[in-house]
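What follows is the residue order along each chain.
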Amino acid sequence: MHYLYYWVVLLALCSCNGGKTARQEQTGTAVSENRREQVKYVNSLKWITPEKNRSFRFGEELRVEFENKDRFPIDSSAVYLNGRPVARLDAGTRTFTLPIPATRAGRQTLKIVAWHPDNRQGLLSTTIEVKPDKAPVRCSYRVVNTYPHDPRAYTQGLIYRDGYMYEGTGQCGESSIRKIDMKTGNILSVLTIDSQFFGEGITVFKDKIYQLTWRSRKGFVYDLKTFSPESSFSYNTEGWGITTVGDRLVMSDGSHKLYHVAPSSFHITKEVEVYDHNGPVEQLNELEYIDGLVWANVWLSDRIVAIDPESGVVKYELDLTRLLSASERAKLDENDEVLNGIAWNPEKRTFYLTGKRWPKLFEVQVSLNP
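Rules used throughout
- Residues numbered from 1 in each chain as written.
- Predicted model: local features only at pLDDT ≥ 70, side-chain atom pairs only at ≥ 80, totals over all residues.
- Heavy atoms only, no water.
- Helix = DSSP H or I, 4+ residues; strand = E, 2+ residues; numbered from the N terminus.
- Rg over C-alpha atoms; globule rule 2.2 N^0.38 Å.
- Buried < 20%, exposed > 50% of the residue type's maximum accessible area, 1.4 Å probe, protein only.
- Contact = heavy atoms within 4.5 Å.
- Areas by Shrake-Rupley, 256 points an atom, 1.4 Å probe, with all protein chains shown as cover.
- Lys, Arg positive; Asp, Glu negative; His and termini not counted.
- Charge placed at Lys NZ, Arg CZ, Asp CG, Glu CD.
- Salt bridge = Lys/Arg side-chain N within 4 Å of Asp/Glu carboxyl O.
- Polar contact = N/O pair within 3.5 Å; in protein donor to acceptor, adjacent residues only side chain to side chain.
- Pairing = 2+ DSSP bridges.

A few words now on the overall build of the chain. Secondary structure summary: the chain contains two helices and 32 strands in total. For a compact globule of 370 residues, the expected C-alpha radius of gyration is about 21 Å, and the chain comes in at 31 Å, more than 25% above that figure. Each principal axis of the C-alpha atoms in the chain carries an extent, and together these give about 115 × 60 × 35 Å. Residue burial in the chain is summarised as follows: out of 370 residues, 47% are buried. The contacts of the chain with a sequence gap of at least 6 include a subset with a gap of at least 24, amounting to 54%. Element-wise, carbon and sulfur atoms account for 49% of the exposed surface of the chain, whose accessible area totals about 19,300 Å². One finds the centroid of the 47 positive side-chain charges in the chain at a distance of 4 Å from the centroid of its 46 negative side-chain charges.

Given below as structure tokens:
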């Protein structure tokens, strides 16, 4: 019995010690893995090329060259463009050349990550500017019809739906949304918004009208049929133009950017910089999405540009200097009452164009060929 007792105690002790040892080994392994994951970042790299903010064009070769400090030899390194890996370099390579992809215009981030002995890592980043390699195609157009337009309407947004024109107007105390009989120009329905707000662009999404305001950083949602206010939303920029692109909205703020926005939360999901071959296209205003492109008025000009909403590249442009007659233009304030308002008739495949306090609404056919 005594022997049996001693054997039981001995087995129990061994079991306890074995469990403790296992826990110690597990803990030790975890500590060891954590140590391996602890990277020490060091100032070990220096750019040779490209220079910061240097401009490139699509297809142009980008030469990446860097050097490391002597006390930080390199085991390997990697090149990233806009967060995506484009090359893995061995210990002896410090250069890499790639053609600029025609996928995105504007400012882009180039980064080098270098791995050094003793779990050290060097990081290096810079910014370059990328422009399209081709000028926008100059479109031609012809006027096929004209309609009356309220010369008091400070046009900020224009939408065509089911034979009617919906218009958003601006100026504090004058801002509204309207439903208009196109043939007569008569206003069928109108909702004037609070005088503290300066109305801007409008769009229709799932039978709701979304309306921006200029500097209040607040927008409104209305029922399309009744104009009944339903909700409001906020944003952190100025509000200029807005359009519907599939299941999202795209808005402008007077800069050279387009903002992709979730309709439910109005959170910005993507920012796109708009460029033509000369550089950024500023003062983007009223927007309309047509056949995969966002058409935009360029404020204080008679120019409309057609933009790829994913890459930001201006594909086409319209010069509408002669849309109004000289006598009609002479009656307008050239610094304020400018071209603004684009709507699309998908059945007839025609554009409707007007301006702030213009006397006419023009229906035009646009050819994408010069």
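The discussion continues.
With that settled, consider the side chain of Glu288. Turning to its location among the elements, Glu288 is positioned in strand 26 (residues 284-290). For Glu288, which is buried and forms no salt bridge, the nearest opposite charge comes from Arg161, at a distance of 5.5 Å. Among the polar contacts listed, one links the side chain of Glu288 to the backbone nitrogen of Trp344, at a separation of 3.4 Å. Residue contacts for Glu288: discarding those within four places in its chain leaves Leu158, Ile159, Thr243, Leu293, Val294, Trp295, Ile342, Ala343 and Trp344.

Right, let's talk about the pairing of strand 28 (residues 303-307) for a bit. When you tally the buried positions in strand 28, you get four out of five residues, the bulk of the element. Two strands pair when backbone bridges link them, and strand 27 (residues 293-298) and strand 28 are joined in this way by four bridges, in the antiparallel orientation. Its bridge partner lying in strand 28, Trp295 is registered against Ala306. Taking the residues that link successive antiparallel strands as the turn, the strand 27-strand 28 hairpin has four residues, and the phi of Leu300 there is positive, at about 65°. The pairing of strand 28 with strand 29 (residues 314-319) spans five bridges and is antiparallel.

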